[in-house]
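So you can see what is in the structure, the chains are spelled out below.
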Amino acid sequence: MRITKFARVLIGIASLFVTDVFFVDTCLVARVRPSWRQPRCACCGKIAPGYDRRPARRWVHLGVGALRILLEYAPCRVHCPDCGVHIEKVPWARRDSRFTIDFEDMAAYLAQITNKTEVAAILGIAWATVGNIIERVVAGKLDPERLADLKRIGIDEFSYRRRHRYITIVVDHDKQRIVWAGEGNSANTLDTFFAEIGEDAAAKLEIATIDMAGGYIKSLEKNAPNVQIVFDRFHVQKLASDAVDQVRRDMVRQYREGDDPDAAKTIKRSRFVLLKNRWDLSPKEWDRLAAIQEHNAPLYRAYLLKESLAAVFEETRASSAKRELARWLKWASRSKLKPFVRVARTIRQHKERILAYIETRLTNGITEGFNSKLRMIARRAFGFHSAGALIGMLFLCCGGLTIDPPLPGPWCPW
Ligand SMILES: [Zn+2]
């Protein structure tokens, strides 16, 4: 077997020929050329006349053991009638990449399943480089149809880097997958989404579930005026939970000022009991709750308000939910608990969109469900320094993409 043929088998890419093989330090360099005869445009892939030849460059390919394999080729530029003068397409690499497709797919595959230290060590490249690779791989694999025919979507923000930066995530409720993500959490961010899907697709949207953040509403009202906005019930309930906590903190302060450190301490420790779901409480926690009921009536009232708001969302009929919410609002406004008076004001403002949950039963639960995975991804993507790479990781790990790196087949014992 000739050494060039051997190298071709070793490289394992069908559509190239090896013309020469040599070593540079610890790297095996294979001089290659595409197996097709006429050069093709890297933009559109069509055959195009050559323009000029560029100096030789090298692409990093998957190594064998500790041996690195590099492919070397002097590409030409083509004059494409559609795209202009461009570098030619090569069958072993994606456009503008110095890594082979096999190498990039392996990097993406490893990033899906393991942590950044391992990926960087196995492949011998910096983690930041892995970020760029993932962006390219994801761009090539994303289903272009994912933004067509959207009917019911969920919009949510995700904060990373200690809550200083945000990305906005759009999910398709019907297909249960992430379909879009962009940097930021403002109306402008969501405008970018609408610009991408186009006016026709926006007109077909029926329902959007969102948290009560102002930015998204503005963009929805502008870009999809017919869409029914549904406020995510868990974000609404969180308003009540936050209000309970505020009442608790106010009481701790009052007790401290009134020189009753013991009472302050007891209440300070009750946070978890007050915010937990009723049915998750242990017998000991029930006792603490009972103690609050006995000694701290306002705090117990706050607790009941929080629980009753949750109960409104458990109603199955729109009419009864509406009635219950009206009663709740009256109660909260007269509760003499300032945080709840404020919550009642907010809820009254958005009553219709909050009650829309009862009929649609849609929440941002999917994105919330992705949350722990997102946290892990954000930690891994920390070294990427760009939202683009984080979004790439997001699609890679939660977007239902299939990555097929070249892996050895099952072991044959012979
Ligand atoms: Zn072209």
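Residue numbers run consecutively from 1 along every chain, following the written order of its sequence. Given that the model is predicted, a residue must reach a pLDDT of at least 70 before its local features are reported, and side-chain atom pairs must reach 80 or more before they are shown or counted; all residues, however, enter totals for whole chains, interfaces and linings. Heavy atoms from the whole structure form the basis of all side-chain values; hydrogens and water molecules are not counted.

Trainee: Could you give an account of unusual backbone geometry, naming the residues involved and the relevant values?
Mentor: Even without glycine at this site, Asp-25 takes up a positive phi of about 50°. Each helix is a run of DSSP H or I of at least 4 residues and each strand a run of E of at least 2, with the numbering of both proceeding from the N terminus. One can find Asp-25 in the loop between β1 (16–24) and β2 (27–34). Judged by relative accessible area, which is 75%, Asp-25 ranks as exposed. The classification of residues rests on relative accessible area computed with a 1.4 Å probe and restricted to protein chains. Under 20% of the type maximum is buried, over 50% is exposed, and intermediate values are partly exposed.

Trainee: Please provide a residue-by-residue account of the coordination of the zinc ion, values included.
Mentor: Coordination here is defined by N, O and S atoms within 2.8 Å of the metal (3.2 Å for Na, K and Ca), and since water is not considered, a site can look incomplete. Around the zinc ion, the donor atoms from the protein are Cys-41 (SG), Cys-44 (SG), Cys-80 (SG) and Cys-83 (SG), and they sit 2.2 to 2.4 Å away. Under the classification used here, a metal with four donors is tetrahedral if each angle lies between 85 and 135 degrees, square planar if opposite donors are over 155 degrees apart and the others between 65 and 115, a six-donor metal meeting that same test is octahedral, and anything else is irregular. Because the angles between the 4 donor atoms bound to the zinc ion fall within 104 to 113°, the donor set is best described as tetrahedral. Residue classification places Cys-80 among the buried residues on the basis of a relative accessible area of 3%.

Trainee: Outline the pattern of salt bridges, listing residues and values.
Mentor: Each salt bridge in this description consists of a side-chain nitrogen of Lys or Arg and a carboxyl oxygen of Asp or Glu lying within 4 Å of one another. Taken as a whole and judged by the stated rule, the model has 22 salt bridges. One salt bridge connects Asp-191 with Lys-222, and the closest N-O pair in it is separated by 3.0 Å. Of this pair, Asp-191 sits in helix α5 (residues 187–204) while Lys-222 sits in helix α6 (residues 214–223), placing them 31 residues apart in sequence. Between Asp-242 and Lys-238 there is a salt bridge whose closest N-O contact spans 3.2 Å. Remark: Lys-238 and Asp-242 occur in helix α7 (residues 233–257); sequence separation between them is 4 residues, near one turn of the helix. Classification of Lys-238 as partly exposed rests on a relative accessible area of 47%. The structure contains a network of salt bridges with shared partners spanning Asp-20, Arg-31, Arg-58 and Glu-72.

Trainee: Which residues make up the pairing of strand β4 (residues 57–64), and what values do they have?
Mentor: Whether two strands pair comes down to DSSP finding at least two bridges between them. Summarising the sheet, β4 and strand β5 (residues 67–73) pair through 6 bridges and their orientation is antiparallel. Considered in β5, the bridge of Val-60 is made with Leu-70. From the end of β4 to the start of β5, which pair antiparallel, there are 2 residues, and Gly-65 there has a positive phi angle of about 60°.

Trainee: Give a detailed account of a nonpolar patch on the surface, specifying residues and quantitative values.
Mentor: In this scheme, patches are assembled from residues that exceed 30% relative accessible area and form no salt bridge. Like charges are connected within 9 Å, while nonpolar side chains (Val, Leu, Ile, Met, Phe, Trp, Tyr) are connected within 5 Å. The protein chains shown are the only cover counted for residues, whose accessible areas, like all others here, come from Shrake-Rupley with a 1.4 Å probe. Taken together, the side chains of Met-1, Ile-3, Phe-6, Val-9, Leu-10 and Val-64 make up a nonpolar region of the molecular surface, amounting to roughly 620 Å² of accessible area. Among the elements that make up the nonpolar patch, the one with the highest residue count is helix α1 (residues 3–11) (4 residues). Turning to its location among the elements, Val-64 is positioned in strand β4. Overall, Val-64 belongs to the partly exposed group, its relative accessible area being 41%.

Trainee: Break down the domain arrangement of the protein chain for me, citing the residues and quoting the values.
Mentor: As used throughout, domain bounds are those supplied by an automatic or database domain assignment. As assigned here, the protein chain comprises domain 1 (3–98), domain 2 (146–231 + 363–383) and domain 3 (233–360). When each unit is reduced to the centre of its C-alpha atoms, the spacing between domain 2 and domain 3 is 28 Å. Tallying the contact residues gives 12 residues for domain 2 and 12 residues for domain 3. Note on definitions: buried area is the accessible-area loss of two parts on being combined, 1.4 Å probe, summed for both. Between domain 2 and domain 3, the buried area comes to about 1100 Å², and carbon and sulfur atoms account for 69% of it. For domain 2, the biggest contributors to the area lost against domain 3 are Met-212, Phe-231 and Thr-363; these three give 53% of the whole. Put simply, domain 2 and domain 3 have 1 salt bridge between them. Across the pair Arg-353 and Glu-221 runs a salt bridge, and its minimum N-O distance is 3.0 Å. Polar contact criterion, stated in full: a pair of N or O atoms within 3.5 Å, where within protein one must be able to donate a hydrogen and the other to accept it, and residues adjacent in sequence count only if both atoms are side-chain atoms. In this assembly, domain 2 and domain 3 are joined by 3 residue pairs in polar contact (both at pLDDT 80 or more). Those elements giving two or more residues to the side of domain 2 that touches domain 3 turn out to be α6 and β12 (228–231). By the convention used here, residues are in contact when the closest approach between their heavy atoms is within 4.5 Å.

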